[in-house]
Amino acid sequence: VGQGPLAGKRVIVTSGPTREPIDPVRYISNHSSGAQGTALARALVDLGAEVVFVTGPGRVPPPPGVQVVPVTTAREMLDAVQAALPADAAVFAAAVADWRVAEVAGSKMKKTAGKMPALHFAENPDILATVAQMGAGRPELVVGFAAETDDVVANAQAKRARKRCDWIVANDVSEGTGTFGGAENTVHIVTEGAVEDWPRMTKDDVAARLAQRMAEALGG
Ligand code: C5P
């Protein structure tokens with residue numbers, strides 16, 4: 001059993017991108033490295049939490065001391081999160097693909113000169129919203145992330161209300177901020193009726209401070 005303000009608390013963290021197949025050799029994904037989710041999982045372990053780390057195929061290796069559940073698609077990520085419940089808190093740092101290819105080809109799609117394939121999409125489940133809107137068994141603290149390019153705080157407040165999570169960690173990913181793939185982040189913590197503007201700091205420092213805030217909220 002870990003020691004620290006989160007000892008005895010179970011926390012689910014999603015991280016990294018999801019990858020949605022087109023056929024056995026091709027897929028659709030995004031540039032998420034998993035850096036912020038990994039840093040957060042590490043910070044939660046450092047405070048004594050039991051962490052279930054549900055991760056898509058990111059570039060950053062999972063931190064030591066977590067229970068790693070590797071997944072590929074958004075639907076696998078939802079299943080893994082539901083299987084990891086109950087938990088005291090859940091943090092959704094993954095960059096989940098909004099859409100998947102509706103009908104995945106069973107064999108490699110052939111290239112035909114001059115003829116382009118058409119892809120049809122289906123909407124993926126919103127994992128954060130699904131967990132935030134659970135009745136019985138909802139984690140006490142449900143935290144989402146929002147990457148925005150304009151009206152960062154207003155958009156995050158709207159997202160928080162729509163998804164019904166407790167907090168949104170909002171960051172500005174517009175060009176020139178260097179947030180995507182960089183080591184630093186400028187975040188705003190949007191809670192019910194309040195906004196905390198944190199100064200620019202490393203993703204590790206964001207993670208440590210967020211883990212500390214979570215420990216306070218969970219009564220540690
Ligand atoms: O709607 P948007 O993608 O901006 O929301 C971002 C937040 O929602 C992040 O916390 C992300 O991990 C979560 N999310 C999710 N499942 C989805 C889409 C987003 O858990 N399908």
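Quantities reported herein were computed from a predicted structural model and do not represent experimental measurements. (Residues numbered from 1 in each chain as written. Predicted model: local features only at pLDDT ≥ 70, side-chain atom pairs only at ≥ 80, totals over all residues. Heavy atoms only, no water.)

**Comments concerning the confidence of the model for the protein**
Then, in step 1: Looking at the protein, the pLDDT average stands at 94 and 98% of residues meet or exceed 70.
Then, in step 2: Listed scores for the predicted complex are pTM 0.95 and ipTM 0.98. (pLDDT = per-residue confidence, 0-100.)

**A word on the nonpolar core**
Then, in step 1: Of all hydrophobic cores here, the largest spans 30 residues; its most connected members are Val 11, Leu 44 and Met 214.
Then, in step 2: Of all the secondary structure elements, the ones that give two or more residues to this core are β1 (10-15), α1 (35-46), β4 (50-55), β6 (89-92), β9 (141-148), β10 (167-172), β12 (187-191) and α5 (203-217).
Then, in step 3: Broken down by element, the residue count for this core peaks at six residues, all from α5.
Then, in step 4: With near-sequence residues (within four places) excluded, Met 214 lies in contact with Val 11, Leu 44, Ala 89, Val 91, Leu 141 and Trp 167. (Core = buried A, V, L, I, M, F, W, Y, C linked by side-chain atoms within 4.5 Å. Buried < 20%, exposed > 50% of the residue type's maximum accessible area, 1.4 Å probe, protein only. Helix = DSSP H or I, 4+ residues; strand = E, 2+ residues; numbered from the N terminus. Contact = heavy atoms within 4.5 Å.)

**Remarks on the packing of α1 against α5**
The description of two packed helices rests on the angle between their axes and on the distance between the axes.
Then, in step 1: Running from N to C, α1 and α5 point in directions that differ by 45 degrees, and their axes come no closer than 8 Å. If you check the angle between α1 and α5, you find them oblique. In the crossing of α1 with α5, the sense of the turn from one axis to the other is right-handed. Together, Ala 35, Gln 36, Ala 39, Leu 40, Ala 43 and Leu 44 of α1 and Lys 203, Asp 204, Val 206, Ala 207, Ala 208, Leu 210, Ala 211 and Met 214 of α5 make up the contact between the two elements. (Axes fitted to C-alpha atoms, helices over the stretch in contact; angles between N-to-C directions. Parallel < 35°, antiparallel > 145°, perpendicular 65-115°, else oblique. Left-handed = near helix turned anticlockwise from the far one by under 90°.)

**Concerning the site of the ligand**
Then, in step 1: Inspection of the region around the ligand gives Phe 92, Ala 94, Val 96, Pro 125, Asp 126, Ile 127, Leu 128, Gly 144, Phe 145, Lys 159 and Lys 163 as its neighbouring residues.
Then, in step 2: Here an oxygen atom of the ligand and a side-chain polar atom of Lys 163 are 2.9 Å apart.
Then, in step 3: Taken by itself the ligand offers 450 Å² of open surface, and the protein chains cover 84% of this.
Then, in step 4: Elements represented by at least two residues in the shell around the ligand include exactly α3 (127-132), β9 and α4 (152-163).
Then, in step 5: Residues that form the shell around the ligand fall into these classes: seven nonpolar, one polar and three charged. (Near = heavy atom within 4 Å. Polar contact = N/O pair within 3.5 Å; in protein donor to acceptor, adjacent residues only side chain to side chain. Areas by Shrake-Rupley, 256 points an atom, 1.4 Å probe, with all protein chains shown as cover. Nonpolar A, V, L, I, M, F, W, Y, C, P; charged D, E, K, R; others polar.)

**Some thoughts on the pattern of salt bridges**
Then, in step 1: This structure, assessed with the given rule, holds seven salt bridges.
Then, in step 2: For Arg 10, the salt bridge identified is with Glu 50, shortest N-O distance 2.7 Å. Here Arg 10 is found in strand β1, whereas its partner Glu 50 is found in strand β4, with 40 residues between them in sequence.
Then, in step 3: Here Arg 138 ties to Asp 166 by a salt bridge, and the two come within 3.1 Å at their closest N and O atoms. In this pair, Arg 138 is assigned in the loop between α3 and β9 and Asp 166 in the loop between α4 and β10, connecting sequence segments 28 residues apart. (Salt bridge = Lys/Arg side-chain N within 4 Å of Asp/Glu carboxyl O.)

**Thoughts on the packing of aromatic side chains**
Then, in step 1: A full pass over the atoms with the stated rule returns one aromatic pair.
Then, in step 2: Over the face of the ring belonging to Trp 198 we find Arg 209, whose NZ or CZ atom lies 4.5 Å from the ring centre.
Then, in step 3: Positioned over the ring face of Trp 167 is Arg 213, at 4.9 Å from the centre of the ring. (Phe/Tyr/Trp six-rings, centres within 6.5 Å; stacked < 30°, edge-to-face > 60°. Lys NZ or Arg CZ within 6 Å of the ring centre and 35° of its normal.)

**Digging into α4**
Then, in step 1: Counted at 1.5 Å a residue, the expected span for α4 with its 12 residues is 16 Å, and the 16 Å between its end C-alpha atoms agrees.
Then, in step 2: If you check which residues of α4 are buried, you get Val 152, Ala 156, Lys 159, Arg 160 and Lys 163. On an axial view of α4, the arc spanned by its buried residues comes to 100 degrees, and they lie on one face. Residues of α4 that are exposed and point over 90 degrees away from its buried face: Ala 161 and Arg 162.
Then, in step 3: In this structure, the buried residues of α4 make contact with α3, β9, β10 and β12.
Then, in step 4: Once α4 finishes, Arg 164 follows within two positions and takes phi at roughly 65 degrees, a positive value. (Expected span 1.5 Å × (residues − 1). Arc of directions from axis to C-beta.)

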